[in-house]
Amino acid sequence: MRRKNLMTAIIASFCLMVSALAPAGISMAEEGTETETAAEETAADETQAEESDAEEAAEAESGTEAQEDGTEASQETEAVPERPDYNALDNVTLGEYTGLTVTIDLSVTEEEVDQTVNSNIKSSVSLETVEEGTVEEGDTVNIDYEGKLDGVAFDGGTDKGYDLEIGSHTFIDGFEEGLVGVSTGETVDIPLTFPENYFSEDLAVQDVVFTVTVNEIKRVPELTDELASTLSEGAYTDAASYRESIRQELETEKESQRDSMIHQEILTQVANTCTIDSYPQELVDYSVDNTVSYYQSMAEAYGMDLADFLTAYLGITEEQLREEAALSAQQNMQAELYLKAIAEQEGIQVTDEEFQTGVEEYAQQYGFESAEDLIAYYGKGMIDISLLQDKVMDFLMENTTVEEASAQSEGSTEEVSEGSAQETEAAQ
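Residues numbered from 1 in each chain as written. Predicted model: local features only at pLDDT ≥ 70, side-chain atom pairs only at ≥ 80, totals over all residues. Heavy atoms only, no water.

1. Brief notes about the overall build of the protein chain
The line we're drawing: Helix numbers and strand numbers start at the N terminus; a helix is a DSSP run of H or I with at least 4 residues, a strand a run of E with at least 2. Whether two residues are in contact is decided by their heavy atoms, any of which lying within 4.5 Å being enough.
Helix and strand content of the protein chain: 15 helices and 10 strands. A sequence separation of at least 24 residues applies to 75% of the contacts in the protein chain between residues at least 6 apart.

And the structure:
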């Protein structure tokens, strides 16, 4: 059940790889376009073990982790073909993009503190078995389950001894909620309907019943003074001070993401007022060809031809791969189209001096030995469009009013200064 999700994830990773220099918030892929959601893929997961092995093998062979470091990638991968240029105003109808007002919230809620504390506890100590009581949100339950369609068990809908975190949305909607309030040793029937866009046509929109037995309930231990000391390695000796330290860490983290949050809010508003009438076909084809070339290299590493590799590891044809890659390319270039169209409308360009300065900064940031190595790996067109997007975002930041709602100054309004727009750390 993970096959299509794996394909989408790898395509998305590749699109991000070839667009690695784009500013934060540039990806404007619409919600709900993933081939499968995590909630939809697990309720009937008869091929999990087989495809997990394939995923691990693909990752090990492709060396995608190594490509996070620009230097290693440049040594192992051929240079990306030069990116085609295009006129964005031929594809975009611009709306309002100056005089915008965006609101960002830098405050930290108690729920966010609780989530972080619980996460730290779960990663450091064992969960406690609940001897008395019922399943609650956040508990991890060990269950046996059997799904039936018209009274007959369907393939992939049965498992024993499965550990499920309630609230993780691992199963289809309603499954985890149906276990809240159930006691250890109790068996319940949970009637559900598979979603319309479920990948299995045999189960989509079908009414089924899951019979579930709760074998064990485990819960995150309560934060005590002793546990707080353990988690902080003695830095904090009581639960209250430890929680406060977590709050301060989250506030610092949000503050560091301030410009990125503003960028995303600006792009959201721009997307709401502008319209993409079409996509530049030459750029879509370029992205698709790069994706196919990437899989071709993986296939060769396995000593296989492309068709056999795609069938064996992703269960698709090359035609289906190209269709998925084209859709991903369109989704990932939406913000670029908006920003490039604004650049053309406003006459914003990257000068030779700005290009040289920018490429040197990128080279240092991404671990390349020289600016020339960076250009050889990404291509001048990729770097130029990234720097152009940076410059347009600076322009938009200068023409946007930001209202900050935070615990310290809720509802305060300030004009974004030019200086705050100059950071490019979020380019990763």
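From this point, things continue past the structure.
2. Examining the environment of Asp207
Note the following rule: Pairs of N or O atoms within 3.5 Å make up the polar contacts considered here, provided that, within protein, one atom can donate a hydrogen while the other can accept it, and that residues adjacent in sequence are counted only when both atoms are side-chain atoms.
Following the sequence through the fold, Asp207 ends up in strand S7 (residues 207-219). A C-alpha to C-alpha distance of 6.7 Å links Asp207 and Phe194, two positions 13 residues apart in sequence. In contact with Asp207, not counting residues within four places along its chain, are Leu149, Leu192 and Thr193. One polar contact links Asp207 to Thr193, side chain to side chain, over a distance of 2.6 Å.

3. Focus: the confidence of the model for the protein chain
What counts, and what does not: By definition, pLDDT measures how confident the predictor is in each residue, and it falls between 0 and 100.
Per-residue confidence for the protein chain averages 81 on the pLDDT scale, and 76% of its residues sit at or above 70. Low pLDDT, under 50, characterises residues 1-77; the stretch is placed with 162 contacts to residues that sit more than four places away or in other chains. Between residues 407-428, whose pLDDT stays under 50, and residues either more than four places distant or in other chains, the model counts 50 contacts.

4. Observations concerning the packing of helix H9 (residues 281-301) against helix H10 (residues 306-313)
In helix packing, the relevant descriptors are the interaxial angle and the interaxial distance, both defined with respect to the helix axes. Stated formally: Axis definition: a line fitted to C-alpha atoms, limited for helices to the stretch in contact. Angles are taken between N-to-C directions and run from 0 to 180 degrees. For classification purposes, an angle smaller than 35 degrees is called roughly parallel, one larger than 145 roughly antiparallel, one from 65 to 115 roughly perpendicular, and anything else oblique. Residues are sorted three ways: Asp, Glu, Lys and Arg are charged, Ala, Val, Leu, Ile, Met, Phe, Trp, Tyr, Cys and Pro are nonpolar, and all the rest, Gly among them, are polar.
One can describe the packing of H9 onto H10 by two numbers: an axis separation of 9 Å at closest approach and a directional angle of 85°. Comparing their axes, H10 and H9 come out roughly perpendicular. Between H9, through Val292, Tyr295, Gln296, Met298 and Ala299, and H10, the contact on the second element is made entirely by Leu306, Phe309 and Leu310. For the contact of H9 with H10, the per-class residue count stands at seven nonpolar, one polar and no charged.

5. What to know about the pattern of salt bridges
Going by this rule: Salt bridge, as used here, is a side-chain nitrogen of Lys or Arg placed within 4 Å of a carboxyl oxygen of Asp or Glu. The cut-offs for exposure are 20% and 50% of the maximum accessible area for each residue type, with area from a 1.4 Å probe on protein chains only; residues under the lower value are buried, those over the upper are exposed, and the others partly exposed.
The final tally for this structure, using the stated rule, is 17 salt bridges. Its salt-bridge partner being Glu336, residue Arg83 comes within 2.7 Å of it at the nearest N-O pair. Placement of Arg83 in the loop between helix H4 (70-76) and strand S1 (92-93) and of Glu336 in helix H12 (residues 334-346) is noted, with a sequence separation of 253 residues between them. Relative accessible area serves as the criterion here: at 12%, Arg83 is assigned to the buried category.

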